[in-house]
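Observations on the three-dimensional arrangement
Residues per chain, in single letters:
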Amino acid sequence: MKVLVCGGAGYIGSNMTAMLARGGHEPVVFDNLAKGHRSAVKDAEFVRGDLADYGLLVETLGNYGIDAVMHFAAFIEVGESVEKPLTYYRNNFCNTHNLLCAMAEAGVEKFVFSSTAAVYGMPETTPITEETSKAPINPYGESKWAVERLCHFLSETKKLRYAALRYFNAAGAGQDCTLGEDHRPESHLIPLIIQAAMGKRDAVSIFGTDYPTPDGTCVRDYIHIEDLCKAHLLALDKLDEAYELVCNLGNGKGYSVREVIETVKKVSGKDFRVIEADRRRGDPPVLTADATKAKIELGWRTDYPQLEKIIQSAWTWHDNHPDGYDSKSPRPV
Ligand code: UDP
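Here we summarise the structure given alongside this text. (Residues numbered from 1 in each chain as written. Predicted model: local features only at pLDDT ≥ 70, side-chain atom pairs only at ≥ 80, totals over all residues. Heavy atoms only, no water.)

1. Topic: the overall build of the protein chain
To keep it simple, the criterion reads: Helix and strand definitions here come from DSSP, where helices need a minimum of 4 consecutive H or I residues and strands a minimum of 2 consecutive E residues; each element is numbered from the N-terminal end. Computation of the radius of gyration draws on C-alpha atoms alone. For the globule rule, the value is 2.2 Å times the number of residues to the power 0.38. Exposure is judged per residue with a 1.4 Å probe applied to protein chains only, and the accessible area is read against the type maximum: over 50% gives exposed, under 20% gives buried, and values in between give partly exposed. By definition, residues are in contact when any of their heavy atoms lie within 4.5 Å. Only the protein chains shown count as cover for residues, and all accessible areas are computed by the Shrake-Rupley method using a 1.4 Å probe.
Scanning the protein chain from N- to C-terminus turns up 10 helices and 14 strands. In summary, the protein chain has a C-alpha radius of gyration of 19 Å against a globular reference of 20 Å for 333 residues, a match within 12%. A buried classification covers 56% of the 333 residues belonging to the protein chain. If you take every contact in the protein chain between residues at least 6 apart in sequence, the share linking residues at least 24 apart comes to 77%. With the model as given, the accessible surface of the protein chain reaches about 14300 Å², and the carbon-plus-sulfur share is 49%.

2. Here's the deal with the sheet that holds strand β1 (residues 2-6)
Note the cut-off: Whether two strands pair comes down to DSSP finding at least two bridges between them. Between N-to-C directions, angles cover 0 to 180 degrees, with each direction set by a line fitted to C-alpha atoms, over the stretch in contact for helices.
Here 7 strands make up an open sheet; going across it, the order is β3-β2-β1-β4-β5-β6-β11 and the pairing parallel. Where the open sheet ends on each side, the last strands, each with one partner, are β3 (45-48) and β11 (244-249). Pairwise comparison of adjacent strand axes, ignoring direction, gives a mean angle of 20° for this sheet. The strands that helix α4 (residues 85-106) touches are β1, β4 (68-71) and β5 (110-116); relative to β5, the one it contacts most, it runs at about 170°. Sheet strands in contact with helix α5 (residues 139-156) are β5, β6 (161-167) and β11, and its direction is about 150° off that of β5.

3. Observations regarding helix α2 (residues 54-63)
Selection rule: Think of the arc as the fan of directions from the helix axis to the C-beta atoms.
For α2, the complete set of buried residues consists of Leu57, Val58, Thr60 and Leu61. Looking straight down α2, one finds that the buried residues subtend no more than 165° of arc, so they occupy a single side. As for α2, its buried residues are in contact with β1, β2 (26-31), β3, β4 and α4. Gly65 occupies a position one or two residues after α2 and carries a positive phi of about 60°.

4. Describing the pattern of salt bridges
Keep this limit in mind: Just to be clear on terms, a salt bridge is a Lys or Arg side-chain nitrogen sitting within 4 Å of an Asp or Glu carboxyl oxygen.
Within the structure shown, the criterion is met by 16 salt bridges. The shortest N-O distance in the salt bridge between Asp323 and Lys200 comes to 3.4 Å. Taken together, the positions of Asp323 in the segment after α10 (307-320) and Lys200 in the loop between α6 (189-197) and β8 (203-207) put the pair 123 residues apart, joining distant regions of the chain. The exposure class assigned to Asp323 is partly exposed, which follows from its relative accessible area of 44%. Owing to a relative accessible area of 45%, Lys200 belongs among the partly exposed residues under this scheme. Notably, a salt bridge pairs Glu276 with Arg258, separated by 3.0 Å at the nearest N-O pair. Taken as a pair, Glu276 in strand β13 (residues 273-277) and Arg258 in helix α8 (residues 257-268) lie far apart in primary sequence, 18 residues in all. Taking the relative accessible area as the measure of exposure, Arg258 reaches 27% and is therefore partly exposed. Residues participating in the shared-partner salt-bridge network are Asp182, Arg184 and Asp326.

5. Considering the site of the ligand
The condition is simple: Here, proximity means that at least one heavy atom of the residue falls within 4 Å of the molecule or strand. By the criterion applied in these results, polar contacts are pairs of N or O atoms within 3.5 Å in which, for protein atoms, one can donate a hydrogen and the other can accept it, and in which residues neighboring in sequence qualify only through two side-chain atoms.
The environment of the ligand is formed by 14 residues, the closest being Leu189, Ser205, Phe207, Arg280 and Asp283. At 2.6 Å from an oxygen atom of the ligand is found a side-chain nitrogen or oxygen belonging to Arg280. Asp283 is positioned with one of its side-chain polar atoms (N or O) 2.5 Å from an oxygen atom of the ligand. When the ligand sits alone it has 510 Å² of accessible area, and the protein chains cover 87% of it. Sorting the residues of the shell around the ligand by element identifies α6 and β8 as the ones contributing at least two each. Counting residues per element, the shell around the ligand draws most heavily on β8, which supplies 3 residues.

Geometric values such as these leave the question of function open.
Encoded structure:
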């Protein structure tokens with residue numbers, strides 16, 4: 001299948017692009033490189049473009065004979081979204097609306113959308129199923145939820161076949177540890193801890209130690225990037241028959257911030273300073289997925305559920321790319 005991967009130069013998109021190519025598909029990456037890295041795109045055609053550019057979208061969908069779109073291009077910082085709601089709604093919602101309009105014009109019906117556990121807000125119980133109330137508590141989660149609703153209504157008119165995949169915490173490096181996580185600025189826990197272990201940061205901060213969890217720190221469900229991408233391939237196949245598919249993607253097992261720090265120390269063999277800091281605004285104490293639906297409906301199985309394996313792959317990538325994608329000559333794996 002010819003698949004347009006919007007945001008294919010980013011962390012998840014680049015891993016997806018590589019997996020699509022490996023699986024015999026023909027990915028075409030569409031990315032404005034505002035956040036992504038050109039060198040993360042290896043086995044695909046590349047179109048540098050912005051999702052606000054309607055003409056370029058229609059032209060790209062037509063010129064490459066695109067059969068399906070996978071959409072990863074979004075802003076992802078919860079804190080920043082609270083500061084800049086207009087920016088988040090424009091990029092995450094308006095630009096996706098533009099993309100869906102272009103797909104309708106070009107006659108492309110299949111859409112795999114990168115959604116998030118943030119649509120659930122502060123759930124009262126965990127693990128979270130797809131039926132848990134959707135009550136986002138920040139513009140990031142709201143902007144993703146608004147796209148899901150739009151897709152739902154389009155699917156009811158039979159003008160769109162879509163999968164909304166709600167990610168828990170994507171982590172690790174894929175494609176034999178050659179495609180890793182390099183956000184600028186970095187805000188995600190695992191890369192931040194690894195940077196501390198590499199001596200690139202003075203310390204790592206724990207945001208809150210007084211949560212109602214066993215060790216007082218937040219618990220999250222980390223999912224290996226390869227497992228995450230595998231679910232997208234299965235979802236794409238499923239859209240041959242389904243119009244609407246909404247699934248959580250997580251392992252169902254949570255790890256606390258302290259456990260993640262200890263695992264990085266173990267994997268890297270390095271010690272570093274840990275600071276107990278205040279809570280970060282908007283962080284639910286526990287987010288773990290019930291991913292039974294993805295297992296039943298997609299036949300999805302995770303290959304790397306162990307936190308240690310996830311962190312080992314991330315460590316390998318960072319160790320080989322000390323300056324991220326700017327590393328001059330990344331060491332071969
Ligand atoms: N976290 C932390 N210190 C950091 C970054 C994150 O304690 O420097 C915590 C954060 O509060 C959350 C967890 O680590 O409980 C995972 O955060 P991340 O930003 O990686 O992902 P999120 O869960 O926000 O999607």
